[in-house]
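What follows is each chain in one-letter form.
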There are 2 protein chains.
Amino acid sequence: MAELSRTSGVPAATIKWYLRIGLLHAGTATAPNQALYDSSHVHRLRLVRALLDIAGLSVADTQQLVAVMDDPEASLPDVLAAAHAATSRGPTAPTPADALVDTYLHTRGWIVADDAPARRDLAAVLTAMQALTRLGDEDPTPATDTDQAVAALLDPYAEAVQPLAEAEVHGLRPVTSREAIVERVVLGTLLMEQALGALRRLAQEHAFNQVTERARHPR
Amino acid sequence: MAELSRTSGVPAATIKWYLRIGLLHAGTATAPNQALYDSSHVHRLRLVRALLDIAGLSVADTQQLVAVMDDPEASLPDVLAAAHAATSRGPTAPTPADALVDTYLHTRGWIVADDAPARRDLAAVLTAMQALTRLGDEDPTPATDTDQAVAALLDPYAEAVQPLAEAEVHGLRPVTSREAIVERVVLGTLLMEQALGALRRLAQEHAFNQVTERARHPR
């Protein structure tokens with residue numbers, strides 16, 4: 001246990017808690033107060049920490065996701081759905097913006113389950129944008145209460161992610177074992193979503209700097 | 001107060017707390033226990049709720065961001081930096097992966113401040129990917145401990161967001177007042193990052209369904 005804590009960088013008390021709540025599989029008992037842990041334990045601890053600290057999942061969502069990852073009966077679409085559910089913050093009750101999302105996905109020709117949690121996440125953003133643009137004398141953002149306005153707002157984002165998602169899914173093929181491909185789906189979905197967000201912010205700053213630079217030195 | 005709560009959908013106790021911690025500006029006092037609130041209060045409440053519930057900011061990060069938004073001396077790059085700082089989860093101490101991020105940004109030619117928080121967010125993802133790919137006999141994800149491996153991993157994401165960020169920054173021009181453009185920067189950065197993530201997940205599911213469909217009905 002002390003060695004597992006040292007190798008993984010996770011405090012022993014935290015490891016014991018993860019063992020109790022099923023986030024970590026038990027070691028092989030060698031004595032009443034001793035167990036043997038191997039590289040699979042170190043690996044799982046790193047995965048759990050990445051999901052909590054970097055992907056920002058709650059402990060409960062991490063438990064549910066890890067259970068699906070460990071279930072040999074779960075298919076890859078099941079794992080992808082579990083990863084998406086874990087990171088979703090959207091409301092669980094239907095909202096008026098759901099219809100806007102339905103229409104948008106239909107127009108784009110994207111085939112997505114009716115209960116995909118990302119639908120609700122997108123609807124929540126549209127609802128907030130609506131609420132924030134209806135009030136006030138100046139219009140700070142485009143309105144989002146018609147299908148045309150939604151398409152104008154979302155198209156640049158959808159066009160950025162569509163080829164990316166296709167490349168991601170096609171890139172999955174060379175991997176062999178279930179365990180390896182399952183982990184790749186989860187990391188590719190949740191960790192790389194954080195990378196995507198960070199890269200967009202870096203690209204925004206760069207684009208801002210370019211505009212400022214051009215304003216300072218006009219041709 | 002009762003009417004403000006009803007219009008905004010935010011409980012009165014929460015509104016009182018927001019007033020105390022500076023997330024909401026005071027109303028015009030009309031009597032010892034009464035104040036007049038206007039549409040600016042409703043709007044601010046909606047903004048605060050969107051930052052907390054949809055962008056997932058902490059109360060402390062929302063306070064700091066709102067303070068910069070309200071500061072007439074803050075420039076647009078200041079507001080963008082504050083929005084980026086608010087959403088950053090990255091470690092504050094330097095990590096070995098920082099050098100990989102430096103090299104990657106240099107290779108792409110992106111001009112970004114040395115202390116941009118998104119650098120740390122990206123470094124944190126690379127560190128986790130490294131830790132998760134070094135162990136185990138099978139290689140679930142590409143290694144990320146060389147500049148070439150980092151470029152291979154990040155390029156598809158960077159290429160997806162670069163034209164998007166340029167379009168976003170150039171799209172800012174038509175807006176007029178400082179207040180309107182500041183809000184557009186914040187919503188465009190933080191709420192649309194959630195939309196981007198949700199759209200990527202929807203596109204992933206669609207791409208997955210396409211592959212499955214093709215496997216089921218081969219040409």
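Calculation notes
Residues numbered from 1 in each chain as written. Chains lettered and ligands numbered in written order. Predicted model: local features only at pLDDT ≥ 70, side-chain atom pairs only at ≥ 80, totals over all residues. Heavy atoms only, no water. Phe/Tyr/Trp six-rings, centres within 6.5 Å; stacked < 30°, edge-to-face > 60°. Buried < 20%, exposed > 50% of the residue type's maximum accessible area, 1.4 Å probe, protein only. Least-squares fit on C-alpha atoms with pLDDT ≥ 70 in both. Contact = heavy atoms within 4.5 Å. Buried area = accessible area lost by both parts, 1.4 Å probe. Salt bridge = Lys/Arg side-chain N within 4 Å of Asp/Glu carboxyl O. Polar contact = N/O pair within 3.5 Å; in protein donor to acceptor, adjacent residues only side chain to side chain. Helix = DSSP H or I, 4+ residues; strand = E, 2+ residues; numbered from the N terminus. Expected span 1.5 Å × (residues − 1).

Asker: Outline the packing of aromatic side chains, supporting the account with residue identities and numerical values.
Answerer: All names here are of chain A. On inspection of all chains with the given rule, the structure shows two aromatic pairs over all chains. With a centroid separation of 5.8 Å and 35° between ring planes, the pair formed by Trp17 and Tyr18 is classed as tilted. According to the relative accessible area criterion, Tyr18 is buried, its value standing at 2%.

Asker: Summarise the relation of the copies chain A and chain B; cite the residues concerned and give the values.
Answerer: Mapping chain A onto chain B calls for a screw motion: a turn of 180° about the axis and a shift of 0.0 Å along it, with 0.0 Å RMSD after fitting. Look at the turn and shift together and you get a two-fold axis relating the two. Looking at the rotation axis and the C-alpha trace of chain A, the residue lying nearest is A:Ala160, at 2.4 Å. Of the interface residues in chain A, 100% have counterparts in chain B that sit at the interface too, so the contact is made through matching surfaces.

Asker: Report on the interface of chain A and chain B, specifying residues and quantitative values.
Answerer: Opposite the 86 residues of chain A that make contact, chain B presents 86 residues. Buried surface at the junction of chain A and chain B, both sides included, amounts to about 8100 Å², of which 71% is carbon and sulfur. At the boundary of chain A with chain B, the tally comes to eight salt bridges. For B:Arg201, the salt bridge is made with A:Asp121, and the minimal N-O distance between the two is 2.9 Å. Counting across the interface, chain A meets chain B through 30 residue pairs in polar contact (both at pLDDT 80 or more). Here the element with the most residues in the side of chain A that touches chain B is helix α9 (residues 178-216) of chain A; it accounts for 28 residues.

Asker: Which residues make up the pattern of salt bridges, and what values do they have?
Answerer: In the structure shown here, the tally under the stated rule is 22 salt bridges over all chains. Residues A:Asp114 and A:Arg119 are paired through a salt bridge, measuring 4.0 Å at the closest nitrogen-oxygen approach. B:Asp53 is paired through a salt bridge with B:Arg49; the nearest N and O atoms lie 3.3 Å apart. Residue B:Asp53 and its partner B:Arg49 are both found in helix α3 (residues 39-54); the two are separated by four residues, about one turn of the helix. Residue classification places B:Asp53 among the partly exposed positions, given a relative accessible area of 41%. According to the relative accessible area criterion, B:Arg49 is partly exposed, its value standing at 27%. Each member of the salt-bridge network shares a partner with another, and the members are A:Asp121, A:Glu168, A:Glu193, B:Arg200 and B:Arg201.

Asker: Describe helix α3 (residues 39-54) of chain A, listing the residues and the values that go with them.
Answerer: All names here are of chain A. With 16 residues, α3 ought to run about 22 Å at 1.5 Å a step, and its terminal C-alpha atoms sit 22 Å apart, in line with that. Within α3, the full set of buried residues consists of His41, Val42, His43, Arg44, Leu45, Leu47, Val48, Ala50, Leu51, Leu52 and Ile54. With its phi angle positive at about 75°, Gly56 sits one or two positions after the end of α3.

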